[in-house]
Amino acid sequence: MEGEKSSLISVIIPTYKRTKTLKSAIESIMKQTYENLEIIVVDDNGADSKYRKSVEAIMEQYQKNSKINYVKNEKNMGGAAARNIGIQAAKGEYLAFLDDDDTYYPEKIEKQAEIFRNSQDAELALVYCYVEQFDESGKVNYVLKKQLRGNCLYEAMCIDCLAPTSLWLVKKSAVVDVGMFSVVPSKQDATLILKLLAKGYTVDYVPEVLCSYANFAIGEKITNYGSRNIQGELLYREACRSTFDRLTQKQQNDVEFEFLVRLYRIYSSNKMKKDKDMVRSQMSQISLPKTINFFVRTWLHQIKHGKSR
């Protein structure tokens, strides 16, 4: 890592209404093979809430550990703001983030740090990894393997999110340079990656599963989703559009089409027929063959899984 094998890395855990898994998240950091770490737990529960008391009870177990910094927000501020507070408290040259229901595998940070250490790319800002998702029975039901590197601005805009925050190791200076996390209803991780790539930074990855998260509800998310993900998607599309001067017309159309696909699925799941029909029309205007292909694949998927929209 720029010639240093033991740069301080700050791991930030924002927590909100999910005390059952917080300790396992903390313990997974303490088991890292990379030793020069600090852990910042940002308690985003209200000061007078029952969850605040539960988190305080957990954190009492670590009060003598000088590597752990416990930060309490006076009120719930949401995922982006909570992470930004953690960034401001961080002393490390590099940052990692861990949601309170996720866990790191022991070599996660060490292997990502090695990528930074061996890289000749002065613009490298973020290294991510693969992640596996568990269902309620403890079975792995999906492994997320994104494989983009470099300044992949166009490619990153064509997918939902290159890497959720729990997969990151990122330079603090780069995060601060782009204004940290934007306070948006959703797509906070994708938006920050977009800002990094738009500023000229690059990304890389470790081609290994180095962390896990539960693919089912445990408590409440640090960010409150639901219908708000529609607003988050629309705001993220506007952020992407602000970089369209760097793309060809074909690339712009590709990005627009992928946003419409995601919006169609969101509107469908929320039974918003008027919005769904509007999006279908917009998809056809961009590319009728791609639209037909999308709906044929959707129809076949629904038949296979016995679902209908």
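The present account deals with the structure reproduced in this document. Quantities reported herein were computed from a predicted structural model and do not represent experimental measurements.

Regarding its fold elements, the protein presents 11 helices and nine strands. By the compact-globule yardstick of 19 Å for 309 residues, the protein fits well, its C-alpha radius of gyration being 20 Å. Along the first, second and third principal axes, the C-alpha atoms of the protein reach 60 × 45 × 35 Å. Taken across its 309 residues, the protein has 50% of its residues classed as buried. Considering only contacts in the protein between residues 6 or more positions apart, those separated by 24 or more positions represent 77%. Looking at the protein as shown, the accessible area adds up to about 15,000 Å², and 50% of this sits on carbon and sulfur atoms. Of note, the protein has its 45 positive side-chain charges centred 6 Å away from the centre of its 39 negative side-chain charges.

Look at helix H7 (residues 188-198) against helix H8 (residues 228-241): their axes get within 10 Å of each other, and the N-to-C directions meet at 5 degrees. Between H7 and H8, the angle is such that the two are roughly parallel. Contact residues: Ala190, Thr191 and Leu194 in H7; Tyr236, Ala239 and Cys240 in H8. In terms of residue class, the contact of H7 with H8 is built from five nonpolar, one polar and no charged.

For the pair H8 and helix H9 (residues 249-269), the least separation of the axes is 10 Å and the interaxial angle reads 175 degrees. As the angle between them shows, H8 and H9 are arranged roughly antiparallel. Where H8 approaches H9, its residues Asn229, Ile230, Glu233, Leu234, Tyr236, Arg237, Cys240 and Arg241 are matched on the opposing element by Glu256, Phe259, Leu260, Arg262, Leu263, Ile266 and Tyr267. Within the contact of H8 with H9, the residues separate by chemical class into nine nonpolar, one polar and five charged.

Turning our attention to a nonpolar patch on the surface. Together, Leu288, Ile292, Val296, Trp299, Leu300 and Ile303 line one region of the surface with nonpolar side chains, adding up to about 600 Å² of accessible area. Tracing the backbone through its elements, the reader meets valine 296 in helix H11 (residues 288-305). By relative accessible area, valine 296 is classed as partly exposed at 41%.

This brings us to the packing of aromatic side chains. In the structure shown here, the tally under the stated rule is 10 aromatic pairs. Aromatic pair phenylalanine 97 and phenylalanine 181: ring centres 5.4 Å apart, planes at 90 degrees, arrangement edge-to-face. Here phenylalanine 181 lies in the loop between helix H6 (172-177) and H7 and phenylalanine 97 lies in strand S4 (residues 94-97), a separation of 84 residues in the sequence. Accessibility assignment for this pair places phenylalanine 97 and phenylalanine 181 in one class, buried. Ring geometry for tryptophan 168 and phenylalanine 181: centres 5.8 Å apart, planes at 5 degrees, overall stacked. Here phenylalanine 181 lies in the loop between H6 and H7 and tryptophan 168 lies in the loop between helix H5 (153-157) and strand S8 (169-171), a separation of 13 residues in the sequence. Residue tryptophan 168 is classed as buried on the basis of its relative accessible area of 0%. On the basis of relative accessible area, phenylalanine 181 is assigned to the buried category, the value being 3%. Chaining the aromatic ring pairs together yields one cluster made of Phe97, Trp168 and Phe181. Seen from the ring of phenylalanine 181, arginine 83 lies directly overhead, with NZ or CZ sitting 5.8 Å from the centre. Across the ring face of phenylalanine 259, the terminal group of arginine 262 is positioned such that the distance to the ring centre comes to 4.5 Å.

This part takes up H9. Spanning 21 residues, H9 covers 31 Å between terminal C-alpha atoms, matching the ideal 30 Å at 1.5 Å per step. Residue lysine 271 follows H9 closely and has a positive phi angle near 55 degrees.

So, how was this worked out
Residues numbered from 1 in each chain as written. Predicted model: local features only at pLDDT ≥ 70, side-chain atom pairs only at ≥ 80, totals over all residues. Heavy atoms only, no water. Helix = DSSP H or I, 4+ residues; strand = E, 2+ residues; numbered from the N terminus. Rg over C-alpha atoms; globule rule 2.2 N^0.38 Å. Buried < 20%, exposed > 50% of the residue type's maximum accessible area, 1.4 Å probe, protein only. Contact = heavy atoms within 4.5 Å. Areas by Shrake-Rupley, 256 points an atom, 1.4 Å probe, with all protein chains shown as cover. Lys, Arg positive; Asp, Glu negative; His and termini not counted. Charge placed at Lys NZ, Arg CZ, Asp CG, Glu CD. Axes fitted to C-alpha atoms, helices over the stretch in contact; angles between N-to-C directions. Parallel < 35°, antiparallel > 145°, perpendicular 65-115°, else oblique. Nonpolar A, V, L, I, M, F, W, Y, C, P; charged D, E, K, R; others polar. Patch = residues over 30% accessible without salt bridge, like charges linked within 9 Å, V, L, I, M, F, W, Y side chains within 5 Å. Salt bridge = Lys/Arg side-chain N within 4 Å of Asp/Glu carboxyl O. Phe/Tyr/Trp six-rings, centres within 6.5 Å; stacked < 30°, edge-to-face > 60°. Lys NZ or Arg CZ within 6 Å of the ring centre and 35° of its normal. Expected span 1.5 Å × (residues − 1).

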